Amino acid sequence: LQYCRRPWSNNNSAAISMASTIGVRFGRALLMVRGSNGVAAAVNFYQNGLGLNIVRHTDEWAELQCPVGQPSSSSSLSDYTTSAQQPPTNNNFNLTIQACESEALLGVGYSPFLNFDVDDMDMTVARCVQMGAHLDGPIQYPAHGKVAALRSPDGHMIGLYEPSI
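Residues numbered from 1 in each chain as written. Predicted model: local features only at pLDDT ≥ 70, side-chain atom pairs only at ≥ 80, totals over all residues. Heavy atoms only, no water.

*Asks:* Would you mind showing me how to read the sheet that holds strand β2 (residues 53-57) here?
*Replies:* On the basis of which strands lie adjacent, the open sheet formed by four strands has the order β1-β4-β3-β2 and mixed pairing. In this open sheet, the two strands that pair with only one neighbour each are β1 (29-34) and β2. Here the strands of the sheet are splayed against their neighbours by 25 degrees on average, with no regard to which way each runs. Strands β1, β2, β3 (61-67) and β4 (92-100) of the sheet are contacted by helix α2 (residues 35-48), whose axis makes an angle of about 155 degrees with β4. (Pairing = 2+ DSSP bridges. Helix = DSSP H or I, 4+ residues; strand = E, 2+ residues; numbered from the N terminus. Axes fitted to C-alpha atoms, helices over the stretch in contact; angles between N-to-C directions. Contact = heavy atoms within 4.5 Å.)

*Asks:* Is there a simple way to explain the sheet that holds strand β6 (residues 134-135) in this structure?
*Replies:* Strand pairing in a sheet relies on backbone hydrogen bonds, with the paired strands running either antiparallel or parallel. Judged by pairing direction, the sheet is mixed, and its four strands sit side by side in the order β5-β8-β7-β6 without closing on themselves. The strands lining the two open edges of the sheet, one partner per strand, are β5 (114-117) and β6. Alignment of strand β7 (residues 145-151) against strand β8 (residues 157-163), held across seven bridges, turns out to be antiparallel. Bridge assignment links alanine 149 to a residue of β8, and that residue is glycine 159. In this fold helix α4 (residues 121-130) packs onto β6, β7 and β8, with an angle of close to 5 degrees to the strand it touches most, β7.

*Asks:* Explanation requested: the pairing of β7 in the structure shown.
*Replies:* Regular strands place their side chains on alternate faces of the sheet. As defined by bridge partners, β6 adjoins β7 across two bridges and the pair is classed as antiparallel. Opposite leucine 135, over in β7, you have leucine 150 as the bridge partner. Between the antiparallel neighbours β7 and β8 lie five residues, among them glycine 155 with a positive phi of about 95 degrees.

*Asks:* Please explain the packing of aromatic side chains as it appears in this structure.
*Replies:* Considering all chains together, one arrives at two aromatic pairs under this definition. Where phenylalanine 45 meets tyrosine 46, the ring centres are 5.1 Å apart and the plane angle is 80 degrees; that geometry is what we call edge-to-face. The burial state of phenylalanine 45 is the same as that of tyrosine 46; both residues are buried. With 6.0 Å between their ring centres and 90 degrees between their planes, phenylalanine 93 and phenylalanine 116 make a pair best called edge-to-face. Placement of phenylalanine 93 in strand β4 and of phenylalanine 116 in strand β5 is noted, with a sequence separation of 23 residues between them. Taken as a pair, phenylalanine 93 and phenylalanine 116 share a single burial class, namely buried. (Phe/Tyr/Trp six-rings, centres within 6.5 Å; stacked < 30°, edge-to-face > 60°. Buried < 20%, exposed > 50% of the residue type's maximum accessible area, 1.4 Å probe, protein only.)

*Asks:* It is not clear to me how the environment of threonine 124 should be interpreted in this structure. Could you clarify?
*Replies:* Looking at the element boundaries, threonine 124 is found in helix α4. Taking the C-alpha atoms as reference points, threonine 124 and glycine 49, separated by 75 residues in sequence, lie 7.3 Å from one another. In this view, threonine 124 contacts Leu50, Val118 and Leu160; residues no more than four positions away in its chain are not counted.

Purely geometric numbers; function is a separate question.
Here's what the structure looks like:
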């Protein structure tokens, strides 16, 4: 249990060390959607609504990425959404979207809750709503920033966080 540390702890190097020592690393979040039309619609939303980059895309499967960590003051979302260039980082969040037909696998009540840090909450929420997402309650304004929950067009939960300056 000495390696179990709270993820928000300032000293979680033991947990990181343990994971790298035993060869474990986060691979991807997997979202199941209904058929090839669902894959195409989900790719459209995550690419154009949240700015994720397409790595691979077929009718039945897609992989998208976005950088993990603090945004660079010299780069913007548009730098990466209009070009095939990947953001300058090796530390990416991977989102895999897979087509399926099984109702049991499509139950969005048990899907991952995807969380994204954003630079501009209002702009991001407006873009996502325009793409077919729905706010799941009002934007919250705690002391540490802005927080919003929304459902993607295919019903998956997405959290948005804009830290206060």
